[in-house]
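Geometric and topological summary
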There are 2 protein chains.
Amino acid sequence: MKNIPLILMGVGGVGRQLLQHIVSCRSLHAKLGIHLRVVGVCDSKSLVVASDMFSMGIGDDILLEVCRVKLDGSSLSTLSGSGEFQIFMNSEMMKKMIDVAALLGKSTGLAFVDCSASSETIGVLNQVVDSDCCIVLANKKPLTSTMEDYNKLVSHPRRIRHESTVGAGLPVIASLNRILSSGDPVHRIIGSLSGTLGYVMSEVEDGKPLSQVVKSAKSLGYTEPDPRDDLSGMDVARKALILARLLGSHINLDSIKIESLYPEEMGSSVMSTEEFLGCGISLLDKNIRERVYQASLNGKVLRYVCVIEGSRCEVGIQEVPKNSPLGRLRGSDNVLEIYSRCYSEQPLVIQGAGAGNDTTACGVLADIIDIQDLFS
Amino acid sequence: MKNIPLILMGVGGVGRQLLQHIVSCRSLHAKLGIHLRVVGVCDSKSLVVASDMFSMGIGDDILLEVCRVKLDGSSLSTLSGSGEFQIFMNSEMMKKMIDVAALLGKSTGLAFVDCSASSETIGVLNQVVDSDCCIVLANKKPLTSTMEDYNKLVSHPRRIRHESTVGAGLPVIASLNRILSSGDPVHRIIGSLSGTLGYVMSEVEDGKPLSQVVKSAKSLGYTEPDPRDDLSGMDVARKALILARLLGSHINLDSIKIESLYPEEMGSSVMSTEEFLGCGISLLDKNIRERVYQASLNGKVLRYVCVIEGSRCEVGIQEVPKNSPLGRLRGSDNVLEIYSRCYSEQPLVIQGAGAGNDTTACGVLADIIDIQDLFS
């Protein structure tokens, strides 16, 4: 039985779902000859570590207790303890993780799984890379920091996986890595990588006012609490940066041209979410309606896309042919078109749900299973 | 530098293209820290083996000479020799491959790459599995033989890759393996996995007679020399069987319901290719035209698909919604819709060119790079 020790950082929606999947997949993974041994779990304030990290993990009962505690909005420090685990807080936490990495990394191997949405994990990740640890990311921040941080993280390309940073469980990174490693040069990527903006653009295409569509999307739970976090395009830009760097571009987030769907004077420092939804956003309806109409005159539709082509990396609204995978997109699916030597006239298309805790956690879990050959 | 020794079986279109890719990707792969060391190449009659197989491979100049010889339609035995390699013929050939597998498999590792279209490789592959060798297949035959052969081949699941057996370079198997390993149960797969039949079905949808479409397809080089080899559905059935077995079905080729586009009385034992194209096939035009019309009354179109759902595995013409990824398919692209827990309402869709020597060889090469962690 192959033993994969891991530390999970971030036990919010995706991390919690991942723990549940790990527990529920025990017998499936045993059939594959794999045992996932969770030796540590942390949120932003506390780290729970198995007392005997060399041969034991945190028991499944405690992992499920972790899920319950986090679902209740409580802190990991409220876990009712036994001798099975220890809890480290705040400043002790980071030091302990690096200690565990040093102890396990080179001996049994250790995977750090980052399901947080925080920049604060970058420091730890950059250090554990040197201890031969593997890294599996759903968190986009570590890959969209400086080029120096990026290069450090990917310095051992086989020891890092990050499928869920771009299209949740969609096989985007895995497929691109296959194409690249076979020497098929990728010329162009164009995709709709935000379920929220995909939904918004296909609804305004039907003639609905932007303001109304965004409010519906918010009430359906499709948007962040402040929908401007989606409408800014920043999340899509991070995904675009990850793809561009994968293709070899040495660029940073601030070199990406990002079109925000609202102007600066409606930013969160100027007006509250309520003000934005109450009166700000409806001022944007007319412009979008006109752009939708103009596009339709050319048989095109508007999509909020990322485009990566050579050194160009852009994120924003574009007119795309109505009769293309992007143009036909409806609802909240993601879609990516990849053009290369092998896929030159017609692209390779990958399409499907690109968000959701279950799907994202499945992408992370597939990544963990995929690095199994690095463990003994 | 990671060293991956390999033996290539089959130097027809795909195998020849693979050798060219291996040679042209030398510097790319060196950057990835990988060296592909070709220690042997064989066609159906001759095996060329590096004289010093423990540390050297067959030189790139000779690999390219192999490509030229095969492109000329000559035998490998006509290779102008040096001390760098030895040639083994016929009965000696298989014995030598098993010897090499025994020598290298457990020491340095060895990958057998089967780009032939022959059943005759099954014997060798089944034996080298026991010598810890890896297997990379573009050849469908070994995976569509008996369940006993299949189980033997996949007995070490991490040591076999076979992306190019289903959709050429399309990331079908890699994506399915990711979904399965993350515990996301696949409920249903429906796909158009023949570029030829995809082209035929979208052309008859436009009102062209089947006979005319097949003759055009043949003249465009889209079909086998005898188009009945495509129209029989047997190639699609093999792909369906590979997918069904991947999902856990213990079935054989003869348990798949296969719809042939021509009746038995037009089979190759009854009439020649010329007779079939000259007068046979036009007798089929009316029936297809009527089915196309009937489907259109329900807003549907005909596609030649494989469907795998539970224990059901079928291959044939089905009516699919015009407004679905399958229904919108045009030309010779392949498309696969995967339904699972994570992709329940909208499927995961993978679409793109699913044939061609270049694309297929790239799929094989990506598979070889993907097993790198098993080599030292």
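Residues numbered from 1 in each chain as written. Chains lettered and ligands numbered in written order. Predicted model: local features only at pLDDT ≥ 70, side-chain atom pairs only at ≥ 80, totals over all residues. Heavy atoms only, no water.

Another point: the side chain of A:Asp333. Looking at where A:Asp333 falls in the secondary structure, it is placed in strand S12 (residues 333–340). No salt bridge is formed by the buried A:Asp333. Its closest oppositely charged neighbour is B:Arg328, at 8.2 Å. Among the polar contacts listed, one links the side chain of A:Asp333 to the backbone nitrogen of A:Ala353, at a separation of 3.4 Å. Here A:Asp333 is in contact with A:Gln351, A:Gly352, A:Ala353, B:Gln346 and B:Pro347, once residues within four sequence places are set aside. (Helix = DSSP H or I, 4+ residues; strand = E, 2+ residues; numbered from the N terminus. Buried < 20%, exposed > 50% of the residue type's maximum accessible area, 1.4 Å probe, protein only. Lys, Arg positive; Asp, Glu negative; His and termini not counted. Salt bridge = Lys/Arg side-chain N within 4 Å of Asp/Glu carboxyl O. Polar contact = N/O pair within 3.5 Å; in protein donor to acceptor, adjacent residues only side chain to side chain. Contact = heavy atoms within 4.5 Å.)

Attention now goes to the domain arrangement of chain A. Residues and elements named next belong to chain A. Assigned domains of chain A: these are domain 1 (2–169 + 358–374) and domain 2 (186–353). Distance between the C-alpha centres of domain 1 and domain 2: 31 Å. Tallying the contact residues gives 13 residues for domain 1 and 15 residues for domain 2. A combined buried area of about 1,200 Å² lies between domain 1 and domain 2, and 63% of that area is made up of carbon and sulfur atoms. Broken down residue by residue, the surface that domain 1 buries against domain 2 is led by Thr-144, Met-147 and Val-166, which jointly contribute 47%. Taken together, the links from domain 1 to domain 2 amount to one salt bridge. With its nearest N and O atoms 3.3 Å apart, the salt bridge here joins Asp-235 to Lys-140. Across the contact surface, domain 1 and domain 2 share five residue pairs in polar contact (both at pLDDT 80 or more). Partitioning the side of domain 1 that touches domain 2 into residue classes produces four nonpolar, seven polar and two charged. (Domains from an automatic or database assignment. Buried area = accessible area lost by both parts, 1.4 Å probe. Nonpolar A, V, L, I, M, F, W, Y, C, P; charged D, E, K, R; others polar.)

Residues and elements named next belong to chain B. Two numbers describe how helix H7 (residues 172–181) lies on helix H11 (residues 234–246): the axes approach to 11 Å, and their chain directions differ by 20°. Considered as vectors, H7 and H11 are oriented roughly parallel to each other. For the pair H7 and H11, the sense of crossing is right-handed. Contacts from Val-172, Ile-173, Leu-176, Asn-177 and Leu-180 in H7 reach Ile-242, Leu-243 and Leu-246 in H11. Taken together, the residues of the contact of H7 with H11 break down into seven nonpolar, one polar and no charged. (Axes fitted to C-alpha atoms, helices over the stretch in contact; angles between N-to-C directions. Parallel < 35°, antiparallel > 145°, perpendicular 65-115°, else oblique. Left-handed = near helix turned anticlockwise from the far one by under 90°.)

Before going further, it helps to examine helix H1 (residues 13–24) of chain A. The end-to-end C-alpha distance of H1(A), which contains 12 residues, comes to 17 Å, matching closely the 16 Å that a straight helix rising 1.5 Å per residue would cover. Residues of H1(A) that are buried make contact with strand S1 (2–9), helix H2 (26–31), strand S2 (34–42), helix H3 (60–71), strand S5 (111–114) and helix H15 (357–370) of chain A. (Expected span 1.5 Å × (residues − 1).)

A separate point is the environment of B:Asp99. On the secondary structure map, B:Asp99 appears in helix H4 (residues 90–104). The spatial distance from the C-alpha of B:Asp99 to the C-alpha of B:Ser131 is 9.8 Å, given a sequence separation of 32 residues.

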